[in-house]
Each structure stands twice: as structure tokens, then as C-alpha cells.
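Per-entry structural report
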Amino acid sequence: MHEMSIAQSIINLAVEEAGRAGLMRVAQVRLKVGRMSGVVPDSLAFCWELMTREGPVQGAELVMEEIPIQALCRDCGRRFPVEDFVFLCPSCGSGRTEIIAGRELTLSAITGE
């Protein structure tokens with residue numbers, strides 16, 4: 001389960017950023033998680049809960065925003081949402097597409113006191 005190491009990395013980054021901002025305690029961490037990021041949100045939430053029972057992020061809430069997959073057709077230029085991992089352009093049927101969103105794993109905000 002690589003979500004455990006991801007949770008630890010997020011905690012480390014949150015503590016570092018909180019220190020720079022002069023926060024004594026991290027209350028909430030917000031993430032953007034792309035559907036193709038390779039992260040299972042439920043597993044990450046489970047690991048987060050285990051790892052925030054004590055320490056500098058004790059009790060911190062993890063809020064995840066799922067980013068849907070978006071693609072760009074290289075033939076006709078249309079941007080489109082990808083449904084069910086079908087990467088064919090709905091306008092021209094081309095399979096020459098580029099993923100432009102959905103791979104993110106981004107720490108978007110930290111709040112605290």
C-alpha cells in the first residue's frame with residue numbers, strides 16, 4: 001500500500017509549510033487527487049487517519065478533491081472529459097489524444113492555528 005508513504009510525505013510537507021507560515025498546529029490539509037494519479041482516495045484517507053492520531057498533525061482533517069480526467073485531441077483540438085477510460089475524441093473519433101488533467105496529486109491548502 002503506497003498510500004502510507006504518500007500520507008507520510010503529505011504530513012512532512014504540511015508540517016514544513018505550517019512552520020513557514022508560523023502555524024503551531026495543522027487543522028486541515030486539502031489535496032487535489034487526479035483519477036489517474038495512482039492513488040486510491042479511500043486508502044489514503046485510512047492511512048491519514050492512522051498517521052494523524054498523534055504528533056504535529058494530530059486530528060488534522062484531510063479533504064480530497066477528485067480531479068476528473070480531461071484529454072485534448074491532437075487531430076481536431078477538442079478538449080473533452082474522459083469517461084470510463086475511453087480516450088477517443090467524441091468529435092472526430094481520433095485516438096491521438098493527450099491527457100491534460102487527471103494525474104494530479106497536489107497539496108492545495110493547509111489551514112491551522
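That block above? That's the structure.
Counting starts from 1 at the beginning of each chain's written sequence and moves along it residue by residue. For a predicted model such as this one, the threshold for reporting local features is a pLDDT of at least 70, and the threshold for listing and counting side-chain atom pairs is 80 or more; totals across whole chains, interfaces and linings nevertheless cover every residue. Values reported for side chains reflect all heavy atoms of the structure, with hydrogen atoms and water molecules removed beforehand.

Points about the pattern of salt bridges
Between Lys or Arg on one side and Asp or Glu on the other, a salt bridge is scored when a side-chain nitrogen of the former is within 4 Å of a carboxyl oxygen of the latter. All told, the structure shown has five salt bridges when counted by the stated rule. Here R20 ties to E17 by a salt bridge, and the two come within 2.6 Å at their closest N and O atoms. Taken together, the residues span about one helical turn, with R20 and E17 both in helix α1 (residues 3-20) at a distance of three residues. Using a 1.4 Å probe on the protein chains alone, a residue whose accessible area is under 20% of its type maximum counts as buried, one over 50% counts as exposed, and one in between counts as partly exposed. Of the residues examined, R20 reaches a relative accessible area of 58% and is grouped as exposed. Residue classification places E17 among the partly exposed positions, given a relative accessible area of 29%. A salt bridge links D75 to R96, with the nearest nitrogen and oxygen atoms 2.8 Å apart. One end of the pair, D75, is in the loop between β3 (70-73) and β4 (79-81); the other, R96, is in the loop between β4 and β5 (97-101), with 21 residues separating them in the sequence. Counting from the N terminus, the helices are the DSSP runs of H or I reaching at least four residues and the strands are the DSSP runs of E reaching at least two.

What to know about the state of the cysteines
Disulfide assignment relies on a single distance test, namely cysteine sulfur atoms paired within 2.5 Å. For the structure on display, the rule yields zero disulfides. Between C76, a cysteine without a disulfide, and C89, which holds the nearest cysteine sulfur, the sulfur-to-sulfur distance is 3.6 Å.

Things to note about the side chain of T52
Mapped onto the elements of the fold, T52 is located in the loop between α2 (41-51) and β2 (61-67). Judged by relative accessible area, which is 6%, T52 ranks as buried. Any N or O atom pair separated by 3.5 Å or less is treated as a polar contact, with the protein-specific requirement of one donor-capable and one acceptor-capable atom, and with residues adjacent in sequence counted only for side-chain atom pairs. For T52, the side chain forms a polar contact with the main-chain oxygen of W48, separated by 2.7 Å. Any pair of residues with heavy atoms lying within 4.5 Å of one another is described as a contacting pair. If we ignore the near neighbours within four places in the chain, the residues touching T52 are I11, V57, Q58, G59 and A60.

What about the nonpolar core?
Residues belong to one nonpolar core when they are buried, are Ala, Val, Leu, Ile, Met, Phe, Trp, Tyr or Cys, and are joined through side-chain atoms within 4.5 Å. The biggest cluster of nonpolar side chains holds 18 residues, and the ones touching the most others in it are I10, V26, V29, L31, L44, W48 and L62. Among the elements of the structure, α1, β1 (26-34) and α2 are those that each provide at least two residues to this core. For this core, the leading source of residues is α1, giving six residues. Residues contacting V29, with those up to four places away along its chain left out, are I10, A14, W48, E61, L62, V63, L107 and A109. C73, F80, V82 and C89 belong to the second-largest nonpolar core, a separate cluster that totals six residues.

Keep in mind that these numbers describe shape and distance, not what the molecule does.
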